[in-house]
Amino acid sequence: MYSCGLTVNDYMHIGNARVYLVWDVVKRYLEYSGYKVLHVSNVTDIAVEDRIIREIKALGVSFQKFIEDFTRFYFEDRASLGIARANVHPLATQHVQQMIELIEKLVRMGFAYAAEDGVYYSISKFPAYGKLSGFDPKALKAGAGGRVSGEDYSKESAGDFSVWKSVKPDEPYWYSPWGKGRPGWHIECSAMSMLYLGDSFDIHAGGEDNIFPHHENEIAQSEAASGKPFVKYWLHTRHLFLNGRRMSKSLKNYLTVREAVPKYGAALIRFFIVSSHYRSQMDFNETDIRAAEPRLERFKEAVNLMHSLANEHIEASRDESQLTASLEAARKGFQDAMDDDFNTSLAITNLLEFIREVNRNIEPEKTISSGTASKIYSFLEATGGILLGDLFDREILVTVPDVVTRLVRTLLDERDKARQAGNYALSDSIRDRLIQAGSEVQDTKTGSLWRLKSKAR
Ligand SMILES: [Zn+2]
């Protein structure tokens, strides 16, 4: 699996985050399903635009320092959202040689040609051009269809695209058979994906704005060079809007991961984003994200209740077969939703419905046998680990150190003794003080249970 990574010349915004979050969920679900996944995701540490060069100059730092800083921020921001590292994160700057070799091959085969300002790929030489995006080169307006040197262009202005750009003043450069310059962005992904995954591989993922021209151009380059099908499945995440509008720095409608995490918390951001199917457009706004909070809280409550019950050694005091049957149905419901093009939206709805059912079933005592609780917990841990990634352990499950568990247990034993002796003043005082300290105490037929109150977590 190959997914297009960030161009590291800015902080990751919440729209980029959606894309990386989705591929993290996809990878984790494929592994849950028994697939062995080799995930490669590039870091575009080359692409330079005039705007970026101006910014770097204004900052008074070197190009290298600027790129290194933003590469580090990129990995910090991914980690803050619980996104796992890919197996390989190739840096474009470390693979220029492979890109030059691929361009040489394309030139030799007649698909690319040298021009005064670099090397271009001739889209008319690749008859299948347009098969991913539905672009038809014959439909180009008169005057269009020349050469385009920029990385992003529309179908209206499409034409031969640049795979090698001759150096302009102040730009970083590499040596090549076509003089000093740098590789284009599209050739970067073709060269690095094929290097690590071979000429043909299963999944290529990106944002919807990558479909044209980026992925269309990758297909043209790779399939021309190898003569083989490049990718089996293309996955594209739709846009995330911010307050109903496209994100734009100049229009001040922009939110970085670094601003959003302290405001909402990483788990809520991740949960909210994956609550929507990756192919539906979604809007990030205060009302909707706050509305997701009680849903996440319900999941968190269930995880911690099941975790503490599982560790209590409680024997079954009634027939729990209905609960076990619901668990098996919930497992199937989760898998069916995820098997249907990774429908995380339905998977989460099913999961919360199951939790509601568990809560109904275990009232009024709020207890079940540790054996059943443990099975339910394992399911919540597996699904939570897919949807919330590394945040499951970091922010959802609250583990209490053993020593605390033993100390509270000692207090509860003393409280039971006091109650048996009729010393209710002492037993109530112990309970009140445990509650003040942030725990919940619950008396059941089989003894008293305790857990941390959600607000104290
Ligand atoms: Zn790419």
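Here the structure is shown first, and the text comes after it.
Structural notes, computed from the coordinates. (Residues numbered from 1 in each chain as written. Predicted model: local features only at pLDDT ≥ 70, side-chain atom pairs only at ≥ 80, totals over all residues. Heavy atoms only, no water.)

## Focus on the overall build of the protein
Right, on to step 1. Scanning the protein from N- to C-terminus turns up 15 helices and 13 strands.
Right, on to step 2. Counting across all 457 residues of the protein, residues that qualify as buried make up 52%.
Right, on to step 3. Counting only contacts in the protein whose residues sit at least 6 apart along the sequence, the fraction spanning at least 24 positions is 75%.
Right, on to step 4. With the model as given, the accessible surface of the protein reaches about 21,300 Å², and the carbon-plus-sulfur share is 51%.
Right, on to step 5. Considering the protein, the positive charge centre built from 58 side chains and the negative charge centre built from 62 side chains are found 1 Å apart. (Helix = DSSP H or I, 4+ residues; strand = E, 2+ residues; numbered from the N terminus. Buried < 20%, exposed > 50% of the residue type's maximum accessible area, 1.4 Å probe, protein only. Contact = heavy atoms within 4.5 Å. Areas by Shrake-Rupley, 256 points an atom, 1.4 Å probe, with all protein chains shown as cover. Lys, Arg positive; Asp, Glu negative; His and termini not counted. Charge placed at Lys NZ, Arg CZ, Asp CG, Glu CD.)

## Let's talk about the pairing of strand β9 (residues 231-237)
Right, on to step 1. With 5 of 7 residues buried, β9 is to be regarded as a mostly interior element.
Right, on to step 2. Two elements, strand β8 (residues 201-207) and β9, share 6 bridges in a ladder whose sense is parallel. The residue of β9 that forms the bridge with Ile203 is Tyr233.
Right, on to step 3. Of the crossover connections in this fold, the one passing from β8 over helix α6 (residues 211-226) to the parallel β9 is right-handed. (Pairing = 2+ DSSP bridges. Right-handed = clockwise from strand over helix to strand, strands pointing away.)

## What about helix α7 (residues 257-264)?
Right, on to step 1. For α7, every residue scored as buried is listed here: Val257, Ala260 and Tyr264. The buried residues of α7 occupy an angular sector of 65 degrees when projected down its axis, which confines them to one face.
Right, on to step 2. Looking at the packing, one finds that the buried side of α7 touches α1 (14-32), α3 (63-80), α8 (266-274), β11 (282-284) and α9 (286-310).
Right, on to step 3. Backbone geometry just downstream of α7 places Gly265 in the positive-phi region, at approximately 90 degrees. (Arc of directions from axis to C-beta.)

## Details of the sheet that holds strand β2 (residues 40-41)
Right, on to step 1. One open sheet holds the 4 strands; their spatial order is β2-β1-β8-β9, and the pairing between them is parallel. The sheet is open, and its two borders are formed by β2 and β9, each paired with just one other strand.
Right, on to step 2. Along the sheet face, α1 touches β1 (2-3), β8 and β9 and points at about 135 degrees away from the line of β9.
Right, on to step 3. Packed onto the sheet, α6 meets β8 and β9 and runs at close to 155 degrees relative to β8. (Axes fitted to C-alpha atoms, helices over the stretch in contact; angles between N-to-C directions.)

## Brief notes about the packing of aromatic side chains
Right, on to step 1. Applying the stated criterion across every chain yields a total of 27 aromatic pairs.
Right, on to step 2. Centroid distance Tyr264 to Phe284: 5.8 Å. Interplanar angle 75 degrees. Geometry classified as edge-to-face. Within this pair, whereas Tyr264 is found in helix α7, its partner Phe284 is found in strand β11, the two being separated by 20 residues in sequence. Neither residue differs from the other here; Tyr264 and Phe284 are each classed as buried.
Right, on to step 3. In textbook terms, an aromatic cluster arises when at least three aromatic residues are bridged by ring pairs, as seen for Tyr29, Tyr32, Phe334, Phe342, Phe354 and Phe379.
Right, on to step 4. One cation-aromatic arrangement involves Arg85 over Phe75; the distance from NZ or CZ to the ring centre is 4.2 Å.
Right, on to step 5. One cation-aromatic arrangement involves Arg147 over Tyr120; the distance from NZ or CZ to the ring centre is 5.5 Å. (Phe/Tyr/Trp six-rings, centres within 6.5 Å; stacked < 30°, edge-to-face > 60°. Lys NZ or Arg CZ within 6 Å of the ring centre and 35° of its normal.)

## Thoughts on the environment of Ile56
Right, on to step 1. Within the fold, Ile56 resides in helix α2 (residues 50-59).
Right, on to step 2. A relative accessible area of 6% means that Ile56 is categorised as buried.
Right, on to step 3. C-alpha of Ile56 to C-alpha of Ile269: the two residues are 213 residues apart in sequence and 31 Å apart in space.
Right, on to step 4. Residue contacts for Ile56: discarding those within four places in its chain leaves Val61, Ser62, Phe63 and Phe66.

## Regarding the nonpolar core
One recurring pattern in soluble globular proteins is that nonpolar side chains are buried together.
Right, on to step 1. Membership of the largest hydrophobic core comes to 87 residues, with the highest contact counts inside it found for Phe284, Phe299, Met306 and Leu380.
Right, on to step 2. The dominant element in this core, judged by the number of residues it contributes, is α1, at 11 residues.
Right, on to step 3. Apart from residues lying up to four places away in sequence, Leu380 is in contact with Phe299, Ala302, Val303, Met306, Leu351, Ile355, Gly385 and Phe392.
Right, on to step 4. Core analysis: the second largest hydrophobic core is formed by 42 residues, Tyr2, Ile103, Tyr153 and Trp178 among them. (Core = buried A, V, L, I, M, F, W, Y, C linked by side-chain atoms within 4.5 Å.)

## A few points about the coordination of the zinc ion
Metal coordination angles have textbook ideals: 109.5 degrees for a tetrahedral set of four donors and 90 or 180 degrees for an octahedral set of six.
Right, on to step 1. Within the protein, the zinc ion binds to Cys4 (SG), Cys189 (SG) and His214 (NE2); these donor distances fall in the range 2.1 to 2.2 Å.
Right, on to step 2. Donor residues for the zinc ion, ordered by position in the chain, follow C-x184-C-x24-H. One end of the pair, Cys189, is in helix α5 (residues 185-197); the other, His214, is in helix α6, and 25 residues separate them in sequence. Neither residue differs from the other here; Cys189 and His214 are each classed as buried. (Donors = N, O, S within 2.8 Å, 3.2 Å for Na, K, Ca; no water.)

Function-wise, these values are silent; they only describe arrangement.
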